[in-house]
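# Descriptive analysis of the structure
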There are 2 protein chains.
Amino acid sequence: MSKGQKTRQRIIQEAAALFNTKGYAGSSVSDLLTATGLHKGGLYRHFESKEEIALQAFDYAWTLAWDTLQQAIDLNASPKLQLTQFFQAFCQHQEARVPGGCPLLNTAIEADDGNPALRQKAQEALQGWLSFLETLIRQGIESSELSATIAPQTTASCIIAMLEGAVMISCLSGSRAALEAASAFWLDWLDAQAAPA
Amino acid sequence: MSKGQKTRQRIIQEAAALFNTKGYAGSSVSDLLTATGLHKGGLYRHFESKEEIALQAFDYAWTLAWDTLQQAIDLNASPKLQLTQFFQAFCQHQEARVPGGCPLLNTAIEADDGNPALRQKAQEALQGWLSFLETLIRQGIESSELSATIAPQTTASCIIAMLEGAVMISCLSGSRAALEAASAFWLDWLDAQAAPA
């Protein structure tokens, strides 16, 4: 990696932590300069605008969160076991993410009423996550590990909703209890919904 | 109501919609002046700071959301029926709220990493909501309408988590599907968890 590429990468990493913690609107270019230790000219040598940085920073933060989850899942395991690993990992690996909570949640809330480019990034991240869970649930039904009465699409939506809401409650209350409750809820659900052997 | 009180109330209402839509950090004093049609002097005659307006605006937005929900619930009905009415109302009455989604969710995300006074408001709102659901679930267990295996506190947390996460998904996707899925999920759960007669 060239020196320029390294600086660019460092800006993205610092910006990801800053935007995820203080929000995009709540972070000024001056905050970015403080976080990166760069002068304005140094920053704008690598990026055209704060928005361009925000888009790259979202990709970085989301990829880190997604990869952390994926690494906890054995893709050769059965669909039900993969779901089990997913629910456990979502609760356990919050700290491995970019500081400031879930980048999807933060960006969704901030970008839902404006900022169309960032909003689209968040929509794509959500869609990818929904598809991942929907596919696992569908495979679990096909392999008879899960009850055929489960609706894959709406269940995937309910899972993500509860996990993301639990991140919000955990951040607000300063306690992991809501995250642990959500994780335990879906692990119990997995057991209860298992198709009869 | 005096003319001054009316102006004060109008500022709070306009600020609530503005902050709930664009966020507190994303809304400038200039945005507030545009929204209210006031000059700076007119605004600061009623409030000392943008933060003071934000605190009042949160109270207004949350009270409106809470009252809308409460009005849909027959407090003389059985605990299970009250929970049913609550799940239905949460999905149906989103439009009766201040524009921009759930004020608790928006404020929680924005205030979790700073802004301690606003954060405390959001914490109190969450606590009140958790207590309300926890009490209803406990009463439902006592009256044998709900299974004694349900843990009131963690279940209340999971309910709020899913509903708030569904608001996020609905706002991001521009569709009510996630809200309807979450509402249906908990209505099904209520039926399934009912104690045997």
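Details of the structure are given in the entry above.
A brief structural summary.

What counts and what doesn't
- Residues numbered from 1 in each chain as written.
- Chains lettered and ligands numbered in written order.
- Predicted model: local features only at pLDDT ≥ 70, side-chain atom pairs only at ≥ 80, totals over all residues.
- Helix = DSSP H or I, 4+ residues; strand = E, 2+ residues; numbered from the N terminus.
- Contact = placed C-beta atoms within 7 Å.
- Axes fitted to C-alpha atoms, helices over the stretch in contact; angles between N-to-C directions.
- Parallel < 35°, antiparallel > 145°, perpendicular 65-115°, else oblique.
- Buried ≥ 20, exposed ≤ 12 C-beta atoms within 10 Å, placed from the backbone.
- Expected span 1.5 Å × (residues − 1).
- Least-squares fit on C-alpha atoms with pLDDT ≥ 70 in both.
- Core = buried A, V, L, I, M, F, W, Y, C linked by C-beta atoms within 7 Å.
- Nonpolar A, V, L, I, M, F, W, Y, C, P; charged D, E, K, R; others polar.

## A word on the overall build of chain A
Each helix and strand counted, chain A has nine helices and zero strands in total. Its helices and strands taken in sequence order, chain A reads α-α-α-α-α-α-α-α-α from the N to the C terminus. If you take every contact in chain A between residues at least 6 apart in sequence, the share linking residues at least 24 apart comes to 63%.

## Thoughts on the packing of helix H5 (residues 79-92) of chain A against helix H9 (residues 177-193) of chain A
All names here are of chain A. Here H5 crosses H9 at 170 degrees, and the two axes come no closer than 8 Å. Classed by the angle they form, the pair H5 and H9 counts as roughly antiparallel. Residue-level inspection shows Lys-80, Leu-83, Thr-84, Phe-87, Gln-88, Phe-90 and Cys-91 of H5 in contact with H9, the latter providing Leu-179, Glu-180, Ser-183, Trp-186, Leu-187 and Leu-190.

## Digging into the interface of chain B and chain A
Taken residue by residue, the interface counts 38 residues in chain B and 38 residues in chain A. Contributing elements (two or more residues each) for the side of chain B that touches chain A: helix H1 (3-22), helix H6 (103-111), helix H7 (116-142), helix H8 (152-173) and helix H9 (177-193) of chain B. Sort the elements by how many residues they give to the side of chain B that touches chain A and H8 of chain B lands first, with 15 residues.

## A word on the environment of Ser-78 of chain A
All names here are of chain A. By the element assignment, Ser-78 lies in the loop between helix H4 (50-71) and H5. C-alpha of Ser-78 to C-alpha of Leu-136: the two residues are 58 residues apart in sequence and 9.1 Å apart in space. Excluding residues that lie within four positions of it along the chain, Ser-78 makes contacts with Ser-143 and Glu-145.

## Describing unusual backbone geometry
With the exception of glycine, the majority of residues adopt a negative phi angle, and the majority of peptide bonds are in the trans configuration. Residue and element names in this part refer to chain A. Positive phi is not limited to glycine here, since Ser-144 has a value of about 65 degrees. Structurally, Ser-144 is set in the loop between helix H7 (116-142) and helix H8 (152-173). Given 13 C-beta atoms within 10 Å, Ser-144 falls into the partly exposed group.

## Digging into H8 of chain A
Residues and elements named next belong to chain A. With 22 residues, H8 extends 31 Å between its outermost C-alpha atoms, agreeing within 8% with the 32 Å of an ideal straight helix rising 1.5 Å per residue. Burial within H8 is extensive, with 17 of its 22 residues counted as buried. One or two positions beyond H8, positive phi appears at Gly-174, with a value near 65 degrees.

## Looking at the relation of the copies chain B and chain A
Take chain B, turn it by 180 degrees, move it 0.0 Å along the axis, and it overlays chain A with an RMSD of 0.0 Å. Given the turn and translation reported, the copies of this chain are related as if by a two-fold rotation axis. Among all C-alpha atoms of chain B, that of Met-162 of chain B lies closest to the rotation axis, at 1.8 Å. When you check the interface residues of chain B against chain A, 100% turn up at the interface there too, and the contact is symmetric in its surfaces.

## Examining the nonpolar core
Ranked by size, the top nonpolar core spans 110 residues in total, and within it Met-162, Ala-166 and Ala-182 of chain A together with Met-162, Ala-166 and Ala-182 of chain B carry the most contacts. Leave out the neighbours within four places in its chain, and Ala-166 of chain A touches Ala-178, Leu-179, Ala-181 and Ala-182 of chain A together with Ala-161 of chain B.

## Overview of the packing of helix H1 (residues 3-22) of chain A against H4 of chain A
Two measures define how a pair of helices packs: the angle their axes make with one another and the distance between the axes. Residues and elements named next belong to chain A. Direction vectors running N to C along H1 and H4 enclose 85 degrees, while the axes themselves pass 8 Å from each other. Taken together, the axes of H1 and H4 lie roughly perpendicular to each other. Listed contacts from H4 to Ile-11, Ile-12, Gln-13, Ala-15, Ala-16, Phe-19 and Asn-20 of H1 are Ile-53, Ala-54, Gln-56, Ala-57, Tyr-60 and Ala-61. Classifying every residue of the contact of H1 with H4 gives ten nonpolar, three polar and no charged.

## Structural notes on the environment of Ile-11 of chain B
All names here are of chain B. Structurally, the position occupied by Ile-11 is in helix H1. On the neighbour-count criterion, Ile-11 (22 C-beta atoms within 10 Å) is buried. Sequence separation between Ile-11 and Trp-62 is 51 residues; the distance between their C-alpha atoms is 16 Å.

## Quick notes on H4 of chain A
Residues and elements named next belong to chain A. With 22 residues, H4 extends 31 Å between its outermost C-alpha atoms, agreeing within 8% with the 32 Å of an ideal straight helix rising 1.5 Å per residue. Among all positions in H4, only Ile-53, Ala-54, Gln-56, Ala-57, Phe-58, Ala-61, Trp-62 and Ala-65 are buried. Against the buried residues of H4 lie H1, helix H6 (103-111) and H7.

## Some remarks on the environment of Leu-126 of chain B
The residue Leu-126 of chain B is located in helix H7 in this model. Classification of Leu-126 of chain B by C-beta neighbours within 10 Å gives buried; the count is 23. Separated by 34 residues in the primary sequence, Leu-126 of chain B and Ile-160 of chain B have C-alpha atoms spaced 8.7 Å apart. Every residue in contact with Leu-126 of chain B, bar those within four places of it in the chain, is listed here: Ile-169, Leu-172 and Ser-173 of chain A together with Leu-104 of chain B.

So yeah, pure geometry; function would need other evidence.
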